[in-house]
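Now for the letters of each chain:
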Amino acid sequence: MTDQEIYVNSKELYQDILKLEEQGKKNILISSPVETGKTNFLFEYLVKQKPKSKIAIFSNRALLKEQTRDKIYRNQFIKISNIQIPSYCYQIIDKALDDSKSAKEKALIFIEELNTKDKNRMLDEEEEETIIEAFEKTERFIREEIQDLDYLILDEAHYFTTDSTFNNKTAEHFSYIFNKNKVTKLYLTATPETLIEAIREFEVLNDVEENQKIVILKPLPQDITVELEYAGKDESPILNYWQTDILEHTASSYTFEFIHERNKEKRLEQELSKSNPKDKLIYFTNNKMKGFHLFGKAEGRKMIDKSLKGGLFICSRYDSNGFNEFINDRERENIIKNERFNADVLVTTKALDNGVNIKDANVKRIFIEEVSYDEAIQMLGRIRTKDRRTNNPIHVMIAVPDYSSIQNNITSLKRNRSLTDNIFKRAQLTAQIQAYEDLKEFRIGVYKKLTFSYFECLYSYFTQSDEQLEISEVYGIEELYQEFEKDKAEIERIKQKKQKRKIKEEKKLKTRAIERTFSKYGNRELLKNEFDMLAKELNFKSKDSKLLKTATKINEQLIEFGYKITSKRKMIDGERNTIYKLEMR
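Keep in mind the model is a prediction, meaning the values are calculated, not measured.

A short note on the overall build of the protein chain
A tally of regular secondary structure across the protein chain gives 21 helices and 19 strands. Scaling as 2.2 N^0.38, a compact globule of 585 residues should have a C-alpha radius of gyration of about 25 Å, whereas the protein chain reaches 33 Å, well beyond that. Across its three principal axes, the protein chain shows a C-alpha extent of roughly 120 × 85 × 65 Å. Per-residue burial for the protein chain yields a buried fraction of 47% across its 585 residues. Residue pairs in contact within the protein chain that sit at least 24 positions apart in sequence constitute 72% of those at least 6 positions apart. Total accessible area on the protein chain is roughly 31100 Å²; 48% of this is exposed by carbon and sulfur atoms. The average position of the 101 basic charges and that of the 100 acidic charges among the side chains of the protein chain differ by 8 Å.

Written out as structure tokens, the structure is:
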């Protein structure tokens, strides 16, 4: 197997796109696993075949947008042919369409924010003019020029669903782009499942015509080849299964390990301690403060050992909590231009989770704190495995929440799903719920080996194949199962403790209530009507929640409180009556 064998066939993909365009199709989703050449198809084939076409690219992260622009700048054919391919972030769409201020006014606000943030580095007049021109150019493109394009490339198109849980504008962005009917839109993604579900619902709700519906292309088929051989006198068939190239490559390029939340901090310390320039770690954190602390520890290590390169911290440049001040701009530029970083440990947030490439054989470990399938796949796919030695797999560690947190997350996600009418957000929340549900599912597989539903689904989505005849080595499943058993035992212990406390509190309240009732009715003879009032105040209920009204049944409840009701027959005014008395035992 060669690296070329796990790339999409650009020529065939191009021909498929042309055929669809001839049929009037303008919305084409290209789905292929990470690192199989979707972006390469754009720069090395589509542009060359149609050099006079007007093309623009949307990306979902500023870092990816900048890396894309760098690729455009470095592409010799594009440079020689003087082809202009503008690149933008999806997030600018609603800002550009905002009519409350002009582009210049928006630019001036942005300039003021920059000058306020760094008073030691005030922008000069020329820089301010450049920013104003950029704002005006962007707004002109979004409002007018976008409709004159031949191709609009929607890179990391899963943005519309993955970001919908914290950005309520993604549905509007999709609708705006989708309705540019004259433009051929190419939606590129390695994690299409949730997006496709949302799009199909969008098409139904908006009565999208058949010719305008999104067509899905999967240019890298994942079929398993079955070869029939015959052996023996009875010519009984023997099935030989041959793994497709992408599955073989994935199996040899990655190993996986699952780590329970309880053991996460200790394991991170261990991974930090063995990090060095020849054995680098990328840590995708979902908690910037904790991630920043690990970055600080990595920086501290190089003060002791001069052979170490320390840490690197990457987050959004627009981070509102001030963490962006610790971004190393030189190393950020290094990632953009050279697809590598000069540090032992890279701590990063979602700023790096989509599309950005890291080509460095010294990156040997990835630690991920995200369990939603699409984001976890995007994170582990950042390290390019082509050209790596087969004996140098990347070890992917995924931190799994404790069982109680999983249950709480499912409850919270279901509640949020019930409150939204955004179809993209609803699809994403449904996918996240399923991922958490899968985390709880273990079963005994072939050879009585414990299997983990979450890993099976993750691997299937990652390779875009349902076949798993040969998979990566995976560790920690037995240990995770045992940790979950501990979690469940602890949940049950806490539940029983709460139940006992509740029963004790209820008994305490009931005792006080009976004492008050006793002060009112105790140690005196009661006629039937007074006894009925006593029974009502005691308020003991049967299993079917009916009020207990007989002395015998009430006594069954009173016994544990130290009281009893006695009864006797007595002549009163010439009539025999039943007399009741509430007494202490």
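Some points on the nonpolar core
Among the nonpolar cores identified, the biggest contains 68 residues, and Phe258, Phe341, Phe452 and Tyr454 are the most heavily contacted of them. Per-element tally for this core: the top contributor is strand β14 (residues 394-400), with six residues. Leaving out residues up to four positions away in the same chain, Phe258 has contacts with Ile398, Val400, Phe452, Tyr454, Phe455, Val474, Tyr475, Gly476, Ile477 and Leu480. The next biggest cluster of nonpolar side chains, apart from the first, holds 33 residues, and it includes Tyr88, Leu149, Ala198 and Ile214.

A short note on the pairing of strand β18 (residues 563-572)
Side-chain positions along a regular strand alternate between the two faces of the sheet. Note that β18 and strand β19 (residues 575-584) share ten bridges and pair antiparallel. Bridge pairing links Ile572 to Glu575 in β19. Counted between consecutive antiparallel strands, the loop separating β18 from β19 contains two residues, among which Asp573 sits at a positive phi close to 55°.

What about the environment of Ser404?
Turning to its location among the elements, Ser404 is positioned in helix α16 (residues 403-419). According to the relative accessible area criterion, Ser404 is partly exposed, its value standing at 31%. Taking the C-alpha atoms as reference points, Ser404 and Ala96, separated by 308 residues in sequence, lie 43 Å from one another.

Notes on helix α21 (residues 551-558)
Within α21, the full set of buried residues consists of Ala551, Ile554, Asn555 and Leu558. The arc that holds the buried residues of α21, viewed along the axis, is 105°, so those residues lie on one side. Summarising the contacts, the buried residues of α21 are in contact with α19 (477-521), α20 (528-538), β18 and β19.

With respect to the state of the cysteines
Considering all chains together, one arrives at zero disulfides under this definition. Here Cys89 stays unpaired: no disulfide links it, and the sulfur of Cys315, its closest cysteine neighbor, is 15 Å away.

Here's the deal with the pattern of salt bridges
Counted according to the given criterion, the structure contains 36 salt bridges. Between Lys106 and Glu139 there is a salt bridge, and its shortest N-O distance comes to 3.1 Å. Of the two residues, Lys106 sits in helix α6 (residues 103-117) while Glu139 sits in helix α7 (residues 125-143), which places them 33 residues apart along the sequence. Residue Lys106 is classed as buried on the basis of its relative accessible area of 14%. Under the relative-accessibility criterion, Glu139 is labelled buried at 13%. A salt bridge links Lys280 to Asp360, with the nearest nitrogen and oxygen atoms 2.8 Å apart. Taken as a pair, Lys280 in strand β10 (residues 280-284) and Asp360 in the loop between β12 (345-348) and β13 (363-368) lie far apart in primary sequence, 80 residues in all. Each member of the pair, Lys280 together with Asp360, is buried.

Conventions and cut-offs
Residues numbered from 1 in each chain as written. Predicted model: local features only at pLDDT ≥ 70, side-chain atom pairs only at ≥ 80, totals over all residues. Heavy atoms only, no water. Helix = DSSP H or I, 4+ residues; strand = E, 2+ residues; numbered from the N terminus. Rg over C-alpha atoms; globule rule 2.2 N^0.38 Å. Buried < 20%, exposed > 50% of the residue type's maximum accessible area, 1.4 Å probe, protein only. Contact = heavy atoms within 4.5 Å. Areas by Shrake-Rupley, 256 points an atom, 1.4 Å probe, with all protein chains shown as cover. Lys, Arg positive; Asp, Glu negative; His and termini not counted. Charge placed at Lys NZ, Arg CZ, Asp CG, Glu CD. Core = buried A, V, L, I, M, F, W, Y, C linked by side-chain atoms within 4.5 Å. Pairing = 2+ DSSP bridges. Arc of directions from axis to C-beta. Disulfide = S-S within 2.5 Å. Salt bridge = Lys/Arg side-chain N within 4 Å of Asp/Glu carboxyl O.

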